Amino acid sequence: MRALKESLLELITETSTNLPPDVRAAVREGKAKEDAGTRSALALSTISNNITMAEENVSPICQDTGMPTFYVHVPVGVNQLEITRQIKAAIVEATKTGKLRPNSVDSLTGANSGDNLGEGVPVIHYEQWEHDEIDVRLILKGGGCENKNIQYSLPCELEGLGRAGRDLDGIRKCVLHSVYQAQGQGCSAGFIGVGIGGDRTTGYELAKKQLFRKVYDTNANPDLAKLEDYIMEHANELSIGTMGFGGNTTLLGCKVGSMHRIPASFYVSVAYNCWAFRRQGVTLSPETGEITSWLYKDEPEGTLQESSVEETESVSKESVREVVLTPPISEEAIRSLKVGDVVTITGGIHTGRDALHKYLMDHDSPVDLTGGVIYHCGPVMLKDQDDKWEVKAAGPTTSIREEPYQSDIIKKFGIRAVIGKGGMGAKTLAGLKDHGAVYLNAIGGAAQYYADCITGVDGVDFMDFGVPEAMWHLQVEKFTAIVTMDAHGNSLHRDVESTSLERLAKFKDPVFS
Ligand code: SF4
């Protein structure tokens, strides 16, 4: 199988950089449902641009290239050890060329292996089958949405929905609740795979396997088909919207599978995937390892074409104020901002994630952060031929992880703006008010769009934390984000969560009895 490594490298590259037609069609349909000029429409427009840019640049759609997870079907007699060796070699190569971010971290020491290999990474599932070809499917599912996966053990009590019993109606409630609890933090609008039954491990696996179904297929089980349709119709009535900005498009796909369980357990497991739904698949010749077909390349019938979706490049000028900020930013400029304002930043900003925030609690910063901007981002970086750093992908990461530190860090260093995605909690909101700072929500996953705003790399500190966790000092131009938490105690995230909870409660009464 001399061509195997090259075929696998092609699969990884295609998965990381080119969303399949069914996913693109779902994003288009979601975009068409949003009212032009709203924040959600702006977010979906940015997402659409980002999808195109990633394909054109052959660069990661999102900087978080996730946990590489392969499902491989092999004919009897094919050497699985050789396939594993070649998958690993292809992963290393894809990391070197910036198609994958180095994402494999030792759980005890925190050390990043640098090449995406490690204990249990990548994940490879094998199954034999009675076909002649090898079938390899890959999903790259990032941490932001993986962290919003959820498992319910029925019967249970659900916020807003009351008791969920061990029946189809209880399952319905769990699935609706899973969309509510994710809010915008998993980079909605999202896709969910649901696994009914199994044990805790196989239930989650079944849920993840549903993500390999095509968005527009129909479930062969009529009860589950009915459930999928119901969820698609009603989950969007929660009005969580893209990135949790509110709006009509919250969920783009729902696929449900079921398996047997033991009498004592009844699990409903939900795998939440962001809009950057990166899954591809190929069939390979067992003799040569060459690609014989692609599995997710066909255009779904009857969906909207790109040209039929109205462009919403900018937000409505009547309803939204646009403000330009240039760091260092004054407290006065920050206190003049309100939730809903669109901000464009030009100047220097600094990336910081979990390791940096933890470090800064007890140490000084290597650079002056007074009036500065911290960007929750773990970029994909490569060195060019002149040994200079190049930004390959740089979207925001989930901010809520920094909730224990953020307020203290803002106070200690005089930071005026925090950019991230998904919003932050009550402690940070109070800190923004007390110390005069704002939280800016960038569009999660728009890694190419934001990389394009970065005009230079001034330097980097803490490379020993690994590339994603290091503190990158970046120059940006017209970096656009939306004020979702201001210095007056207002939070769009808190408001959307409370409205969506009220709407969720409308689905309390039994539907499937
Ligand atoms: S789009 Fe959002 S949730 Fe998805 S991988 Fe990127 S940052 Fe994570």
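Predicted model only: the values in this text are computed from it and were never measured. Think of each chain on its own: its residues are numbered from 1, step by step along the sequence as written. Local features in this predicted model are restricted to residues of pLDDT 70 or higher, and side-chain atom pairs are both shown and tallied only at a pLDDT of 80 or more, whereas totals for entire chains, interfaces and linings draw on every residue. As a convention, hydrogens and water are excluded, and side-chain values are obtained from all of the structure's heavy atoms.

**Some points on the sheet that holds strand β8 (residues 251-258)**
With respect to topology, 4 strands assemble into an open sheet ordered β4-β9-β7-β8, the strand pairing being mixed. Across the chains shown, the open sheet's two edge strands, defined by having one partner strand only, are β4 (150-153) and β8. Within this sheet the neighbouring strands show an average axis-to-axis angle of 15°, counted without direction. With 7 bridges joining them, strand β7 (residues 190-196) and β8 adopt parallel strand pairing. When the bridges of β8 are listed, G190 appears paired with L251. Across the sheet, helix α8 (residues 222-235) lies against β7 and β8, angled at about 155° from β8, the strand it touches most. Strand pairing follows a simple DSSP-based rule, namely that at least 2 bridges must link the two strands. Strands are runs of DSSP state E lasting at least two residues, helices are runs of H or I lasting at least four, and both sets are numbered from the N terminus onward. Think of each axis as a best-fit line through the C-alpha atoms, taken over the contacting stretch in the case of a helix, with angles from 0 to 180 degrees between the N-to-C directions. In what follows, residue pairs with any heavy atoms lying within 4.5 Å of each other are defined as contacts.

**What to know about the site of the ligand**
A single heavy atom is enough: if one lies within 4 Å of a molecule or strand, its residue is considered near that molecule or strand. Taken together, 13 residues lie around the ligand, and C62, C145, C187, C274 and R278 are the ones closest in. Partitioned by chemical class, the residues of the shell around the ligand number 6 nonpolar, 4 polar and 3 charged. Formed jointly, the shell around the ligand draws a minimum of three residues from each of two domains, domain 2 (143-275) and domain 3 (321-497). Just so you know the grouping, Ala, Val, Leu, Ile, Met, Phe, Trp, Tyr, Cys and Pro go in nonpolar, Asp, Glu, Lys and Arg go in charged, and all remaining residues, Gly too, go in polar. Either an automatic procedure or a domain database provided the assignment from which the domain bounds are taken.

**Notes on the domain arrangement of the protein chain**
One can read the domain layout of the protein chain as domain 1 (1-132 + 297-319), domain 2 (143-275) and domain 3 (321-497). The straight-line distance from the C-alpha centre of domain 2 to that of domain 3 is 31 Å. Listed by partner, the interface residues are 13 residues for domain 2 and 15 residues for domain 3. Buried area: the accessible area, evaluated with a 1.4 Å probe, that two parts lose upon being put together, summed over both parts. Summed over both sides, the interface between domain 2 and domain 3 buries roughly 1100 Å², with carbon and sulfur atoms accounting for 60% of that surface. Looking at the side of domain 2 facing domain 3, the largest losses of area belong to Q185, M243 and F245, adding up to 47% of the total buried there. Any Lys or Arg side-chain nitrogen found within 4 Å of a carboxyl oxygen on Asp or Glu counts as a salt bridge. Counting the contacts that link domain 2 with domain 3 gives 0 salt bridges. In the side of domain 2 that touches domain 3, the residues fall into 6 nonpolar, 7 polar and no charged.

**A word on the environment of I51**
Counting through the fold element by element, I51 comes out in helix α3 (residues 39-57). Expressed as a C-alpha distance, the spacing of I51 and G444, which sit 393 residues apart in the sequence, is 12 Å. Once residues lying within four places of it in the same chain are set aside, the contact partners of I51 are L19, R24, V27 and W275.

**Topic: helix α7 (residues 200-210)**
Burial in α7 covers these residues: G203, L206, A207, K208 and Q210. Next to the buried residues of α7 lie β1 (67-75), β3 (134-141), α5 (143-146), β7, β8 and β9 (267-273). One side-chain oxygen at the N-terminal end of α7 lies 3.1 Å from the backbone nitrogen of T201; it belongs to D199. Any residue under 20% of the maximum accessible area for its type is buried, any over 50% is exposed, and the rest in between are partly exposed; the area is computed with a 1.4 Å probe on protein chains only. Polar contact is the term for a pair of N or O atoms within 3.5 Å; when the atoms are in protein, one must be able to donate a hydrogen and the other to accept it, and sequence-neighboring residues count only if both atoms are side-chain atoms.

**Quick look at empty space enclosed by the protein**
In this analysis a 1.4 Å probe is tested at points of a 1 Å grid over the protein atoms alone, and where it fits but cannot get out there is a cavity; an open set with protein on both sides within 12 Å along at least five of seven lines is a pocket; lining residues have an atom within 4 Å of a point. Grid points are joined across faces, edges and corners, and a volume is the space filled by probe spheres set on the points. Taken as a whole and judged by the stated rule, the model has 2 cavities of 30 Å³ or more. Roughly 140 Å³ of volume is contained in the largest cavity. If you go around the largest cavity, you meet 20 residues; those closest to its centre are C62, D64, G144, C187 and K421. By residue number, the principal contributor to the lining of the largest cavity is α5, which donates 3 residues. Split into classes, the residues belonging to the lining of the largest cavity amount to 6 nonpolar, 9 polar and 5 charged.

**Things to note about the pattern of salt bridges**
Taken as a whole, this structure holds 25 salt bridges when the rule is applied. In this structure, R85 and E82 form a salt bridge, with 3.1 Å as the shortest nitrogen-oxygen distance. Within this pair, R85 and its partner E82 are both found in helix α4 (residues 80-96), separated by 3 residues, close to a single helical turn. Close ionic contact of D135 with R137 constitutes a salt bridge, the shortest N to O distance being 2.9 Å.

**Observations concerning the nonpolar core**
Buried Ala, Val, Leu, Ile, Met, Phe, Trp, Tyr and Cys residues form a nonpolar core when they are joined through side-chain atoms within 4.5 Å. Counting 105 residues, the largest nonpolar core has I192, I231, W275, I345, L440 and F479 as its most contacted members. Setting aside anything within four residues of it in sequence, one finds I345 in contact with L325, P327, V373, I419, L440, V476, E477, K478 and F479.

**Things to note about unusual backbone geometry**
Residue S188 is joined to A189 through a cis peptide bond whose omega torsion reads 5°. Cis geometry is found at the peptide bond from P327 to P328, where omega equals 0°. Relative to the assigned elements, P328 resides in the loop between β12 (322-325) and α9 (331-335). Positioned with a positive phi, M243 is a non-glycine residue whose angle comes to about 60°. Positionally, M243 belongs in the loop between α8 and β8. At K478, a position not held by glycine, the phi torsion is positive, near 50°. The residue K478 is located in strand β20 (residues 471-485) in this model.

**Considerations on helix α2 (residues 21-33)**
Take the residue count of a helix, subtract one, and multiply by 1.5 Å to get its expected span. With 13 residues, α2 extends 19 Å between its outermost C-alpha atoms, agreeing within 8% with the 18 Å of an ideal straight helix rising 1.5 Å per residue. Counting buried residues in α2 gives 10 out of 13 residues, a clear majority hidden from the surface. For α2, the complete set of buried residues consists of P21, D22, V23, R24, A25, A26, V27, R28, G30 and K31. Those residues of α2 that are buried are in contact with α3, β7, β8 and β10 (278-284).

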